[in-house]
Amino acid sequence: MKKFLDLISEEMQNAFAAAGYDSALGKVTLSNRPDLCEYQCNGAMAGAKIYKKAPVMIAGDIAEKCRDSKIFSSVEAVPPGFLNLKVRESFVKDYLAGMQAEEKFGLEMPKKPSKIIVDYGGPNVAKPLHVGHLRSAIIGESIKRIARYAGHEVIGDIHMGEWGLQMGLIITELKERKPELVYFDEAYTGEYPKEAPFTLAELEEIYPTASKKSKEDAAYKEKALEATFKLQSGVRGYHALWQHIMGVSIPDLKKNYEKLDVEFDLWKGEADVKDLIPDMVEYMKKEGYAYISEGALVVDVKEETDTKEIPPCMILKSDGASLYNTTDLATIIDRMKEYHPDRLIYLADKRQNLYFEQVFRCARKTKLVEPGTELLHIGFGTMNGKDGKPFKTREGGVMRLEYLIQEINDEMYRKITDNRQVEEEEARKTAEVVALSAIKYGDLSNQAAKDYIFDIDKFTSFEGDTGPYILYTIVRIKSILNKIKDQGGSLDQASFREAESEAEKSLMLELTGFNAMMETAYAESAPHKICAYIYGLANAFNHFYHETKIVTEENEEKKLGWIALLLLTRDILEVCIGVLGFSAPERM
Ligand code: ARG
């Protein structure tokens, strides 16, 4: 379905042409003076130079041509030459009826869908998840859902970090504590025990202890590096321990992501591509891309046009161990081979900008991807506390994801039970749903690259630009519709009518912007545009609601028009929060 603003622009372009001017001047935009008009066109101002004519004269000619327009109810030429526009109620009504009848409310589907892999989440197995991982999961999940809704084929991959130093650290610490474990007996050739030699709780303690020791004790660090290398070289006992670490950690990770309503299609990680590394290294050497520099194997990625220093991409460390880069490059090979994506999107902290620049350049230079393959890193900012510093617990430690979620759940529960009498179980469930909206909307409503302040009081508020406010609006609509049904009214006959009030028309106009907004949100990978849109839509709805007695309206036809409006508003809000990654309860 054509976009509303495009239809209006076409009408304006025709008027320019009919009056003898260049039709390209007829571009229409949203009004930046909503007190004066709904839309505006500044083409007469631009035309003045071309036609050497006073802009207000040109604007006058256009207004004249629009007199019988089926789209515009008013076209005003105002000095010095602006065109202030209002659209006909009938045109808006027809457009909404069209949206209602179309799939996805008139969002056009791509002729050739793209295949996209979204690499997000990126937890480091056996290390605690932190708020950076929260952002990656939230933004990535939304970008995945937006692309899917926009008609593309999207695969979400968690890309676990489970092949690095943290594994060597854990193995080293285990060896210090229990050197008698069979995994450390290099002469052992039998099967290893099925049961892990540690619990999740122990594992959670082992990693930080080992990490601390390695920072204080160079010899310990050396051992950890060696253990990492041994693991990567396939030492049996180490690999068996690694599998135990994975076996204990992954169910816990799954639980965490489930709570966030984040779902990955692929649970692959760095280790899944380990067998591709030797061939990749060989290839890069043979083709002359990679060379030894200070013992390490590197590929130069600097370009003449660089304004800042871009260091070489390191493929292997001097001890032969693979790095973060190595597995990322091998993962690109794997993805190209398995899925042939048109586009690879990576969600990771913006402090990794340079890193991804190096990896992408290296992948292009060494022809791991096709020239047309798009590689995109979406670098997000830091989630800070109210003090402007990276978010911490009350006690000052780094915030663990599950505690953070629990804290918001509790706060939401308190608010919900403060508001009204609710059964404990329902209140808990509702609190979880609303809390998720608070966390996700609080994050997604900011441009991803910006740092933002995680403010529990603000995010959990039922008023203002928050998730709970959006849910509150949806619940309100649902409750009005339920009341109408309870009175024996039917929703099936709902049919749009021409707006009778300013508030009603504003709401209708907000609705018309859906497809254009969604198209942009997809093209720019910008969930914040969806947040801004639904915030405006919710405001327009609530304004309309406060002015209109819907349930008690006697005029049946009027009421059916409003029901149509309620249904479309509800559906669009629900689709939008769906792609943002949360949902609304029935009541709250
Ligand atoms: N595990 C990484 C981290 O915690 C994020 C992974 C991002 N994805 C990637 N393909 N490098 O920072």
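Structural data are supplied above this passage.
A short tour of the structure in this document, coming up. Keep in mind the model is a prediction, meaning the values are calculated, not measured. For every chain, the first residue of the written sequence is number 1, and numbering continues from 1 onward in sequence order. In view of the model being predicted, local features appear only for residues whose pLDDT reaches at least 70, and side-chain atom pairs are presented and counted only at 80 or more, with totals across whole chains, interfaces and linings using the full set of residues. Each side-chain value is derived from all of the structure's non-hydrogen atoms; neither hydrogens nor water enter the calculation.

## What to know about the overall build of the protein
- Elements are defined by DSSP. Helices are runs of H or I of four residues or more, strands are runs of E of two residues or more, and each kind is numbered from the N terminus. A count of helices and strands for the protein gives 20 helices and 13 strands.
- For the protein, the spread of C-alpha atoms along the principal axes amounts to about 90 × 65 × 40 Å.
- Looking at the 588 residues of the protein, the share that counts as buried comes to 51%.
- Counting only contacts in the protein whose residues sit at least 6 apart along the sequence, the fraction spanning at least 24 positions is 73%.
- For the protein, the distance from the average position of its 77 positive side-chain charges to the average position of its 95 negative side-chain charges is 2 Å. The rule is simple: take the accessible area with a 1.4 Å probe, protein chains only, and divide by the maximum for that residue type; under 20% is buried, over 50% is exposed, in between is partly exposed. Contact criterion: two residues are considered in contact whenever any of their non-hydrogen atoms come within 4.5 Å of each other. Think of it this way: Lys and Arg go in the positive column, Asp and Glu in the negative one, and His and the chain ends go nowhere. By convention, the point assigned to a charge is CZ for Arg, NZ for Lys, CD for Glu and CG for Asp.

## Let's talk about the site of the ligand
- Distances are taken per atom, and a residue is near a molecule or strand as soon as one of its heavy atoms is within 4 Å of it. Taken together, Asp119, Gly122, Asn124, His133, His159, Tyr324, Asp328, Tyr346, Gln352 and Phe356 are the residues near the ligand.
- One of the side-chain nitrogen or oxygen atoms of tyrosine 324 is found 2.8 Å away from a nitrogen atom of the ligand.
- Aspartate 328 is positioned with one of its side-chain polar atoms (N or O) 2.7 Å from a nitrogen atom of the ligand.
- When isolated, the ligand has an accessible area of 350 Å², and the protein chains bury 88% of it.
- Among the residues making up the shell around the ligand, the classes are represented as three nonpolar, five polar and two charged. Contacts described as polar in this section are N or O atom pairs within 3.5 Å, which, within protein, must combine one atom able to donate a hydrogen with one able to accept it, while residues neighboring in sequence count only if both atoms come from side chains. Throughout, the Shrake-Rupley method with a 1.4 Å probe supplies accessible areas, and for residues the shown protein chains are the sole cover considered. Throughout this entry, Asp, Glu, Lys and Arg are counted as charged residues, while Ala, Val, Leu, Ile, Met, Phe, Trp, Tyr, Cys and Pro are counted as nonpolar. The remaining residues, Gly among them, count as polar.

## Section: helix H13 (residues 401-419)
- How far a helix is expected to stretch is found by multiplying one less than its residue total by 1.5 Å. Spanning 19 residues, H13 covers 27 Å between terminal C-alpha atoms, matching the ideal 27 Å at 1.5 Å per step.
- Every buried residue of H13 is listed here: Leu401, Leu404, Ile405, Ile408, Asn409, Glu411, Met412, Tyr413, Lys415 and Ile416.
- Residues of H13 that are buried sit in contact with helix H5 (131-149), strand E12 (383-384), helix H14 (424-444), helix H15 (456-459) and helix H16 (467-486).

## Brief notes about the nonpolar core
- Grouped together as the largest cluster of nonpolar side chains are 160 residues, with contacts concentrated most on Met12, Val87, Phe514 and Ile572.
- With 14 residues, helix H20 (residues 556-580) is the largest single contributor of residues to this core.
- Once residues lying within four places of it in the same chain are set aside, the contact partners of isoleucine 572 are Met99, Phe105, Leu511, Phe514, Tyr533 and Leu537.
- Core analysis: the second largest hydrophobic core is formed by 34 residues, Tyr289, Leu329, Leu344 and Val369 among them. Nine residue types can take part in a nonpolar core, namely buried Ala, Val, Leu, Ile, Met, Phe, Trp, Tyr and Cys, and a core is a set of them joined through side-chain atoms within 4.5 Å.

## As for the sheet that holds strand E6 (residues 153-157)
- Here four strands make up an open sheet; going across it, the order is E6-E5-E10-E11 and the pairing parallel. The sheet terminates laterally at E6 and strand E11 (374-380), the two strands that pair on one side only. Averaged over all pairs of adjacent strands, the angle between strand axes in this sheet comes to 20 degrees, irrespective of strand direction.
- Pairing between two strands requires that DSSP report at least two bridges joining them. Here strand E10 (residues 343-349) runs beside E11; their pairing, made up of seven bridges, is parallel. Looking across to E11, one finds that leucine 347 is bridged to isoleucine 378.
- Lying on the sheet, helix H12 (residues 353-365) is in contact with E10 and E11; it crosses E11 at an angle near 175 degrees. Interaxial angle, 0 to 180 degrees, is taken between N-to-C directions of lines fitted to C-alpha atoms, where a helix line uses only the stretch in contact.

## Digging into helix H2 (residues 43-51)
- Within H2, burial applies to Gly43, Ala44, Gly47 and Ala48. Down the axis of H2, the buried side of the element spans an arc of 145 degrees, and every buried residue falls inside it. Throughout, the arc means that of the directions going from the helix axis to the C-beta atoms.

## A look at the side chain of glutamate 173
- You can see glutamate 173 is positioned in helix H6 (residues 165-177).
- Polar contacts involving the side chain of glutamate 173 include one to the side chain of arginine 177, which spans 2.8 Å.
- Residue contacts for glutamate 173: discarding those within four places in its chain leaves Ile206, Thr209, Ala210, Lys213 and Tyr220.

## Re the environment of aspartate 22
- Locating aspartate 22 in the fold gives a position in the loop between helix H1 (4-18) and strand E1 (28-30).
- Classification of aspartate 22 by relative accessible area gives partly exposed; the value is 39%.
- Considered as a pair, aspartate 22 and tyrosine 51 are 29 residues apart in the sequence and their alpha carbons are 9.8 Å apart.
- With near-sequence residues (within four places) excluded, aspartate 22 lies in contact with Phe16 and Tyr51.

## Describing the packing of aromatic side chains
- A pair of Phe, Tyr and Trp rings is counted when the ring centres sit within 6.5 Å of each other, with Trp represented by its six-membered ring. The angle between the planes then sorts it: under 30 degrees is stacked, over 60 is edge-to-face, the rest tilted. Overall, the coordinates contain 29 aromatic pairs when judged by the stated rule.
- Three or more aromatic residues joined by ring pairs make a cluster, and in this case those are Tyr324, Tyr346, Tyr355, Phe356 and Phe360.
- Placement of a positive charge over a ring is assigned whenever Lys NZ or Arg CZ falls within 6 Å of the ring centre and within 35 degrees of the normal to the ring plane. In this arrangement the basic side chain of lysine 254 is found over the ring face of tryptophan 267, its NZ or CZ atom lying 4.7 Å from the centre.
- Stacked on the ring of tyrosine 413, the Lys or Arg arginine 428 has its end atom at 3.7 Å from the ring centre.

## So, the state of the cysteines
- Disulfides are defined in this document as cysteine sulfur pairs within 2.5 Å. Applying the stated criterion across every chain, the model contains zero disulfides.
- Between cysteine 313, a free cysteine, and cysteine 362, which holds the nearest cysteine sulfur, the sulfur-to-sulfur gap is 4.1 Å.
- In this structure cysteine 576 is a free cysteine whose sulfur lies 9.2 Å from that of cysteine 531, the closest cysteine sulfur available.
- Here cysteine 576 falls in the buried class, since its relative accessible area comes to 0%.

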